[in-house]
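Below are the chains, spelled out letter by letter.
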Amino acid sequence: MTIQQLRAAHRATPFRPFTVHMADGRSFHVPHPDFLSASPSGRTIIIYREDEEFGILDLALMTEIETGPASNAHAQPRRGEG
(Lines give C-alpha, C1' and ligand atoms only; values in the text may rest on other atoms or scores of the structure.)
Protein backbone atom coordinates (compact mmCIF):
# COMPACT_ATOMS: atom_id res chain seq x y z
CA MET A 1 0.00 0.00 0.00
CA THR A 2 1.19 3.53 -0.70
CA ILE A 3 0.55 6.79 1.12
CA GLN A 4 -1.11 8.05 -2.08
CA GLN A 5 -3.68 5.23 -1.94
CA LEU A 6 -4.39 5.92 1.73
CA ARG A 7 -4.67 9.68 1.15
CA ALA A 8 -7.05 9.11 -1.76
CA ALA A 9 -9.39 7.09 0.47
CA HIS A 10 -9.03 9.61 3.31
CA ARG A 11 -9.75 12.64 1.10
CA ALA A 12 -12.47 11.11 -1.10
CA THR A 13 -15.45 13.34 -1.82
CA PRO A 14 -17.95 12.27 -0.80
CA PHE A 15 -16.12 10.45 1.97
CA ARG A 16 -16.60 6.68 1.96
CA PRO A 17 -15.92 4.91 5.27
CA PHE A 18 -13.15 2.37 4.86
CA THR A 19 -11.30 -0.38 6.67
CA VAL A 20 -7.52 -0.73 6.67
CA HIS A 21 -6.27 -4.32 6.78
CA MET A 22 -2.87 -5.12 8.28
CA ALA A 23 -0.38 -7.88 7.42
CA ASP A 24 -0.95 -9.51 10.83
CA GLY A 25 -4.70 -9.87 10.22
CA ARG A 26 -5.90 -6.92 12.28
CA SER A 27 -8.23 -4.36 10.73
CA PHE A 28 -9.05 -0.76 11.59
CA HIS A 29 -12.28 0.94 10.55
CA VAL A 30 -12.24 4.64 9.57
CA PRO A 31 -15.87 5.88 9.76
CA HIS A 32 -14.99 9.56 9.21
CA PRO A 33 -11.89 11.49 8.03
CA ASP A 34 -11.34 12.83 11.57
CA PHE A 35 -10.51 9.29 12.76
CA LEU A 36 -7.23 9.11 10.80
CA SER A 37 -4.06 11.16 10.91
CA ALA A 38 -0.67 10.66 9.29
CA SER A 39 2.83 11.76 10.19
CA PRO A 40 4.36 14.36 7.85
CA SER A 41 6.25 11.62 5.98
CA GLY A 42 3.13 9.42 5.79
CA ARG A 43 4.96 6.40 7.20
CA THR A 44 3.20 6.39 10.59
CA ILE A 45 -0.59 6.41 10.69
CA ILE A 46 -2.87 6.87 13.70
CA ILE A 47 -6.41 5.51 13.49
CA TYR A 48 -8.76 6.42 16.32
CA ARG A 49 -11.70 4.32 17.45
CA GLU A 50 -15.00 5.69 18.72
CA ASP A 51 -14.08 4.69 22.32
CA GLU A 52 -11.04 7.06 22.22
CA GLU A 53 -8.60 4.15 21.84
CA PHE A 54 -6.23 4.32 18.88
CA GLY A 55 -3.71 2.32 16.90
CA ILE A 56 -0.33 3.61 15.78
CA LEU A 57 0.36 1.82 12.51
CA ASP A 58 3.22 1.44 10.06
CA LEU A 59 2.10 2.12 6.49
CA ALA A 60 4.49 -0.59 5.23
CA LEU A 61 2.42 -3.21 7.10
CA MET A 62 -0.92 -2.17 5.59
CA THR A 63 -2.09 -4.62 2.94
CA GLU A 64 -5.50 -3.40 1.76
CA ILE A 65 -8.13 -0.68 1.99
CA GLU A 66 -11.71 -1.91 1.84
CA THR A 67 -14.23 0.86 1.14
CA GLY A 68 -17.88 1.02 2.04
CA PRO A 69 -20.75 3.04 0.59
CA ALA A 70 -20.48 6.83 0.39
CA SER A 71 -21.39 8.68 3.56
CA ASN A 72 -24.78 10.39 3.30
CA ALA A 73 -24.43 12.47 6.45
CA HIS A 74 -25.35 15.65 4.55
CA ALA A 75 -27.96 14.16 2.26
CA GLN A 76 -31.43 15.63 2.32
CA PRO A 77 -34.22 13.25 3.38
CA ARG A 78 -36.55 12.14 0.57
CA ARG A 79 -40.20 13.17 0.63
CA GLY A 80 -42.11 11.22 3.19
CA GLU A 81 -38.94 10.48 5.20
CA GLY A 82 -37.78 12.32 8.32
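Going by the structure above, here's the rest.
Residues numbered from 1 in each chain as written. Predicted model: local features only at pLDDT ≥ 70, side-chain atom pairs only at ≥ 80, totals over all residues. Heavy atoms only, no water.

A few words on a nonpolar patch on the surface. On the surface, a nonpolar cluster with roughly 310 Å² of combined accessible area is contributed by Tyr48, Phe54 and Ile56. Within the fold, Tyr48 resides in strand 4 (residues 44-48). Judged by relative accessible area, which is 31%, Tyr48 ranks as partly exposed. (Patch = residues over 30% accessible without salt bridge, like charges linked within 9 Å, V, L, I, M, F, W, Y side chains within 5 Å. Areas by Shrake-Rupley, 256 points an atom, 1.4 Å probe, with all protein chains shown as cover. Salt bridge = Lys/Arg side-chain N within 4 Å of Asp/Glu carboxyl O. Helix = DSSP H or I, 4+ residues; strand = E, 2+ residues; numbered from the N terminus. Buried < 20%, exposed > 50% of the residue type's maximum accessible area, 1.4 Å probe, protein only.)

What follows covers unusual backbone geometry. In this chain, Thr13 is followed by Pro14 through a cis amide linkage whose omega measures 0 degrees. When you line up the elements, Pro14 lands in the loop between helix 1 (3-10) and strand 1 (18-22). The backbone of Glu52 sits at a positive phi, close to 75 degrees, despite the residue not being glycine. Along the chain, Glu52 falls in the loop between strand 4 and strand 5 (54-58).

Right, let's get into the pattern of salt bridges. As enumerated under the stated definition, the model contains three salt bridges in all. In this structure, Arg43 and Asp58 form a salt bridge, with 2.6 Å as the shortest nitrogen-oxygen distance. Here Arg43 is found in the loop between strand 3 (36-38) and strand 4, whereas its partner Asp58 is found in strand 5, with 15 residues between them in sequence. Arg49 serves as the salt-bridge partner of Asp51, at 3.1 Å between the closest nitrogen and oxygen.

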